[in-house]
Amino acid sequence: MSVIQVRGLTPLKGEIFIQGSKNAVLPMMAAALLHKGITVLTNVPVIRDVACMEDILEHLGCGCCREGNCLIIDARQLTDTHIPSEYVTAMRSSIVVLSVLLGRMGEGSSCYPGGCLIGARPIDLHLMVLSKLGARLKEKDGLIEAALKDGEGLKGTEIFLPYPSVGATEQAILGSVLAKGVTDIHGAAREPEIGQLCRFLNNMGAVVCGMGTDHIVVQGVEELHDSNFCVEGDRIVAGTYGAAVLAAQGTVTLKGVCPLDLKSPMEMLVRAGAYVRSREASREIEVTMERRPLGLGIETGPYPGFPTDLQSPFMAFLAAGAGRSVIEEKVFEERFGTVDSLKQMGASICAQGQCAVIEGVYPLKGATVHASDLRGGAALTVAALAAEGTTTIRDCHHIERGYEDICRDLAELGADIRWVNEACTL
Ligand code: UD1
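The rules behind each value
- Residues numbered from 1 in each chain as written.
- Predicted model: local features only at pLDDT ≥ 70, side-chain atom pairs only at ≥ 80, totals over all residues.
- Heavy atoms only, no water.
- Phe/Tyr/Trp six-rings, centres within 6.5 Å; stacked < 30°, edge-to-face > 60°.
- Buried < 20%, exposed > 50% of the residue type's maximum accessible area, 1.4 Å probe, protein only.
- Near = heavy atom within 4 Å.
- Polar contact = N/O pair within 3.5 Å; in protein donor to acceptor, adjacent residues only side chain to side chain.
- Areas by Shrake-Rupley, 256 points an atom, 1.4 Å probe, with all protein chains shown as cover.
- Helix = DSSP H or I, 4+ residues; strand = E, 2+ residues; numbered from the N terminus.
- Nonpolar A, V, L, I, M, F, W, Y, C, P; charged D, E, K, R; others polar.
- Domains from an automatic or database assignment.
- Contact = heavy atoms within 4.5 Å.
- Buried area = accessible area lost by both parts, 1.4 Å probe.
- Salt bridge = Lys/Arg side-chain N within 4 Å of Asp/Glu carboxyl O.

Draft legend 1. Structural view of the packing of aromatic side chains. On inspection of all chains with the given rule, the structure shows 4 aromatic pairs. Aromatic pair Phe306 and Phe314: ring centres 5.0 Å apart, planes at 75°, arrangement edge-to-face. The two residues Phe306 and Phe314 agree in class, both being buried. You can call Phe314 buried: its relative accessible area is 0%. Three or more aromatic residues joined by ring pairs make a cluster, and in this case those are Phe306, Phe314 and Phe317.

Structure, rendered in structure tokens:
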């Protein structure tokens, strides 16, 4: 097992091409099953979650062929309708495959995804959406079985989401694409990844409008066609590397990402003292930092609010900042799992319930810490850039779920960071 070793306090400099978006590509891969044919995705990141979704598609009978960052999905034949539990446990978002299986095969089953390290994460809204679209649901011994009445397909309907859940909005859109009639989704999530999913679906022959608003309308169609689609750059990876610049100082250009999608995080970088220039046409953001970050007040929320996925990377640079910061986590109830590791590195953080108060300490101190989840693990690499001495990060498989190679990327920008075989550190 490899660990990440970082020797901090080296400024970052250069430019980096941001990998394709994890949260956009996963529902697109699921959506490819709706079409009895070929779907080609480009700018697909090489990360564990994508490999897990490929395994699911292959288990269901699809062919997946990867050539670099291009993924070809052949869904001409599906042979199974059950998503095995090991995949659902590894990646909760696989639950959106259920609506696709219902649309294409008339049935689907999955184990119930349990809670995880960032909170209970119920799926009540997903189940509500499926039953509104006409699915009959049975839950027994942790297994969810969804089926349609004999000879009947999914039916267009009116869905009201009481909270703009990203996954439940995707479930509703995917379930409506092949449904009979029109589906109105009220209270939909407005995350850019939802907009991308809708554009991807329209490109394969679906009729979806209203993306980017909280009212999405889907006119069901009978069939889709072969298509090609290029996935946008990952705004969360870009935001993580922006946070890295604030921790380490320096100047970095983030390329291949849509600046508008990062409006709220960029505003926070500026308030913390960074100089940020974005170029929408060339899809670039340049971040310069020449001082210790000023304290911030951050409240996470659904888009266009501050993304919960960037809460821990931002906490990491604020821990090495020059003032007091307050972070309120409003999306997930237990997303301060990284606080203990940051404290081991000398940070002064008091977290209670969904609020954390951070007093900046500089420099942080190198320590051996454990990644407890994907974004929390990435946050530890950010903190390590502002730490004196060596930081060793264990359990990096969490980071590999969403970052192609965080060491490669930060080393390219001049950071002293590397993968080390754990046996060499004992
Ligand atoms: C997606 C993203 C994740 C991001 C999150 C919020 C993917 C693969 N993952 O996760 O990176 O952190 O959006 O931006 O795209 N909820 C319910 N019932 C449900 C569904 C959700 O109560 O049926 C609650 C959740 O517990 C959570 C909140 O709604 O408190 C937001 O969750 P949701 O937007 O659904 O996040 P995900 O789709 O799981």
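More follows now that the structure is in view.
Draft legend 2. Looking closely at the site of the ligand. The ligand sits among 17 residues. The nearest are Asp124, Leu125, Ser165, Asp309 and Val331. In the environment of the ligand, an oxygen atom lies 2.8 Å from a nitrogen or oxygen atom belonging to the backbone of Gly167. When the free accessible area of the ligand is taken as 740 Å², the share hidden by the protein chains comes to 84%. Broken down by secondary-structure element, the contributors of at least two residues to the shell around the ligand are α5 (124-132) and α6 (166-176). Ranked by residue count, the leading element in the shell around the ligand is α5, at 3 residues. Partitioning the shell around the ligand into residue classes produces 7 nonpolar, 6 polar and 4 charged. Residue assignment places the shell around the ligand across two domains, with domain 1 (3-19 + 233-420) and domain 2 (22-230) each supplying three or more.

Draft legend 3. Spotlight on the domain arrangement of the protein chain. The domain boundaries assigned to the protein chain delineate domain 1 (3-19 + 233-420) and domain 2 (22-230). Its C-alpha centre places domain 1 at a distance of 30 Å from the equivalent point of domain 2. The partner domain 2 presents 22 residues to the 26 residues of domain 1 that form the contact. The largest share of the area that domain 1 buries against domain 2 comes from Tyr303, Arg401 and Glu404, three residues that together contribute 28% of it. Seen at the junction of domain 1 and domain 2, the total is 3 salt bridges. Here Asp49 and Arg401 are joined by a salt bridge, their closest N and O atoms 2.8 Å apart. Counting the contacts that link domain 1 with domain 2 gives 6 residue pairs in polar contact (both at pLDDT 80 or more). Taken together, the elements giving at least two residues each to the side of domain 1 that touches domain 2 come down to α12 (374-384) and α13 (397-400). Tallied by class, the residues present in the side of domain 1 that touches domain 2 amount to 8 nonpolar, 5 polar and 13 charged.

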